[in-house]
Amino acid sequence: MTDLSTTIAGVRFPSCFMNAAGALCVTREELVALGQSGSGAIVTKSMTVEPRQGNPEPRYYGFPGGSINSMGLPNLGYKAYAELIPDLKRFGKPVIASVAGLCEDDFPIIAAVINAAQPDLIEVNLSCPNIPGKPQIGYDPETSERVIKRVRSLITVPMGLKLPPYFDPAHHEVMGKVIGRHGVDFLNMINSVGNGLVVDPEREAVVIKPKGGFGGLGGRIIKPVALANVRAFYKLFQGKIPIIGTGGVVDGMDAFEHVLCGASAVQIGTVLVEEGLGSFDRLNNELTAVLARKGYRSLAECLGTVREL
Ligand code: SIN
C-alpha cells in the first residue's frame, strides 16, 4: 500500500495535498466543502483585521500555462474565521489558519485571537503581492523579522511562514538567517510570482483590472521557481524545518518533483480553481501511481532525495 499521509511539525495530514490559501477557501461553505473533499487539510483564505471585498474585477484570469490574480485579500475578517475554526475541526484533517495583515500591527492582533481558536497550525502570510501601495513583507528581512518576533510569542500551535519566491541565493540566505533565529515550525513556499503582466493581444489589453494589470502568477509556468525555492530552503535547513511546496502542481508527477526537492506536503491553487475539488482525488490517485511505479511506499522514502549531477 502506498501511503500519501505526511506529518508537519508533529501534525498528521491524511494526504499531502491541500488547497493553497486563496483557492476556494473564503466562505464557510467553501471551507466545509474542502473538509468534505479529498484535500488533506483545510487552509483558510489569508485573513485581515477587517472583512474585505478585495480588488475590483476582473481580478483572476486563467490561461493555458497558468493564471494571474490580484484578488486583494477578499476575506471575512479574522473574527469570523476564529468562530468557524472549531467547527471545521470535525472533518478529521488539520485546519491551517492563514494570517495576513495590512500593516505590522495587524499581525499580532489577528494571531492572538486565531491562536485562541486553536487551528492545528497557523501560517503567517508575508507574501501577498496584490495590495496597492503595500510591498511584500517577505522581501524586507527587517520587517519580516519584526513581524515574526511579534507573532511568535503569541502562537502556541505550530507556526509557519508563507514566503514569496526569491530569485537569488543571497536572498535565501538572508531570510534563512531570520527564520533560523525565531523557532519557525514550518515553511510554505512559494506564493504567486508577484507583479507579472499578462496581455491579450487581440483586445490589446491587460487581462485583470487592479494595479494596471499587474498581478501574481500561478500554475504550471511557476513550477521551476517553486522547486528552486523548496530546494534552496530544504538545503539551508538540512531538512530540519518541514516545507509545504506550492507552485505549479498540476498533476501527480509535479507533486513528486516537489517531494524530491524537499516538500513534505503540497498545496494547489490554480488547478483547484480551474478544475474544482475533484482535483484532489485525481492528484491523490496520480501521486499514488507514481510512487507505486517507482517502488516507494511513502513520501518519507523519497523526501529531499533529488540527485545532483
Ligand atoms: C490575494 O488575495 O491577492 C492573494 C493573496 C496572496 O497572494 O497572498
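Higher on the page you've got the structure.
Residues numbered from 1 in each chain as written. Predicted model: local features only at pLDDT ≥ 70, side-chain atom pairs only at ≥ 80, totals over all residues. Heavy atoms only, no water.

To continue, consider the sheet that holds strand S6 (residues 66–69). Taken in spatial order, the four strands of this open sheet run S5-S6-S14-S11, and their pairing is antiparallel. Every interior strand has two partners, whereas the edge strands, strand S5 (60–63) and strand S11 (193–197), have only one. Between one strand axis and the next, the sheet turns by 35° as a mean value, whatever way the strands run. Sheet topology places S6 next to strand S14 (residues 214–218); three bridges connect them, and they run antiparallel. By the bridge assignment for S14, asparagine 69 is matched with glycine 216. (Pairing = 2+ DSSP bridges. Helix = DSSP H or I, 4+ residues; strand = E, 2+ residues; numbered from the N terminus. Axes fitted to C-alpha atoms, helices over the stretch in contact; angles between N-to-C directions.)

Counting 91 residues, the largest nonpolar core has Phe17, Ile114, Val124, Leu161, Ile179, Leu187 and Phe233 as its most contacted members. The contacts of isoleucine 114, once residues within four sequence positions are left out, are Met47, Tyr78, Tyr81, Ala82, Ile85, Ala97, Val99, Pro119 and Ile122. (Core = buried A, V, L, I, M, F, W, Y, C linked by side-chain atoms within 4.5 Å. Buried < 20%, exposed > 50% of the residue type's maximum accessible area, 1.4 Å probe, protein only. Contact = heavy atoms within 4.5 Å.)

Quick look at the packing of helix H5 (residues 169–180) against helix H6 (residues 223–236) now. Running from N to C, H5 and H6 cross one another at 50°; their axes reach a closest spacing of 11 Å. By the angle between their directions, the pair H5 and H6 is classed as oblique. Regarding H5 and H6, the two cross each other, and that crossing is right-handed. Residues His172, Glu173, Met175, Gly176 and Ile179 of H5 pack against Asn229, Ala232, Phe233 and Leu236 of H6. Among the residues forming the contact of H5 with H6, the class breakdown is five nonpolar, three polar and one charged. (Parallel < 35°, antiparallel > 145°, perpendicular 65-115°, else oblique. Left-handed = near helix turned anticlockwise from the far one by under 90°. Nonpolar A, V, L, I, M, F, W, Y, C, P; charged D, E, K, R; others polar.)

Near the ligand the following residues occur: Lys45, Asn69, Met71, Gly72, Leu73, Pro74, Asn125, Cys128, Pro129, Asn130 and Asn191. Within the backbone of methionine 71, one N or O atom sits 3.3 Å away from an oxygen atom of the ligand. At a separation of 2.7 Å, an oxygen atom of the ligand approaches a polar side-chain atom of asparagine 130. Taking 260 Å² as the accessible area of the ligand by itself, protein coverage stands at 93%. Among the detected pockets, the ligand sits in the largest pocket. (Near = heavy atom within 4 Å. Polar contact = N/O pair within 3.5 Å; in protein donor to acceptor, adjacent residues only side chain to side chain. Areas by Shrake-Rupley, 256 points an atom, 1.4 Å probe, with all protein chains shown as cover. 1 Å grid on protein atoms, 1.4 Å probe; cavity = no way out; pocket = protein on both sides within 12 Å on 5 of 7 lines; lining within 4 Å. Sits in = over half its atoms within 2 Å of the grid points.)

Let's shift gears to the layout of surface pockets. Rolled over the atoms, a probe with the dimensions of a water molecule shows which regions are left empty. Taken as a whole, the largest pocket spans an internal volume of roughly 790 Å³. Every residue lining the largest pocket is counted, 47 residues in all, and those nearest its centre are Ala23, Ser67, Asn69, Gly269 and Thr270. Among the elements of the structure, S5, S6, S14, strand S16 (265–268) and helix H8 (270–275) are those that each provide at least two residues to the lining of the largest pocket. At four residues, the largest contribution of residues to the lining of the largest pocket is made by H8. Here the lining of the largest pocket is composed, by residue class, of 22 nonpolar, 19 polar and six charged. In this model, the second largest pocket occupies a volume close to 270 Å³. Lining the second largest pocket we find 19 residues, and of these Gly101, Leu102, Lys134, Pro135 and Ile137 sit closest to its centre. Split by residue class, the lining of the second largest pocket holds 10 nonpolar, six polar and three charged. (Points joined across faces, edges and corners; volume = space filled by probe spheres on them.)

Close contact between helix H1 (residues 28–36) and helix H2 (residues 78–88) brings their axes to 11 Å; oriented N to C, the two are set at 25°. With respect to their mutual orientation, H1 and H2 come out roughly parallel. The two elements H1 and H2 meet at a crossing, and its hand is right-handed. Residues Arg28, Leu31 and Val32 of H1 pack against Tyr81, Leu84, Asp87 and Leu88 of H2. Looking at side-chain class alone, the contact of H1 with H2 contains five nonpolar, no polar and two charged residues.

All right, on to the environment of leucine 272 then. Residue position: leucine 272 is located in helix H8. A relative accessible area of 0% means that leucine 272 is categorised as buried. If sequence neighbours within four positions are ignored, leucine 272 has contacts with Asn19, Ala23, Leu24, Leu277, Ser279 and Phe280.

Judged by how many residues are buried, strand S7 (residues 95–99) sits mostly within the fold: five of five residues are covered. Residue alternation in S7 divides its side chains into two sets, Val95, Ala97 and Val99 and Ile96 and Ser98, and both sets are buried. Pairing between S7 and strand S8 (residues 121–125): four bridges, direction parallel. Residue pairing in the sheet places valine 99 in a bridge with valine 124 of S8. In this fold, the crossover linking S7 to S8 by way of helix H3 (residues 106–116) has right-handed handedness. (Right-handed = clockwise from strand over helix to strand, strands pointing away.)

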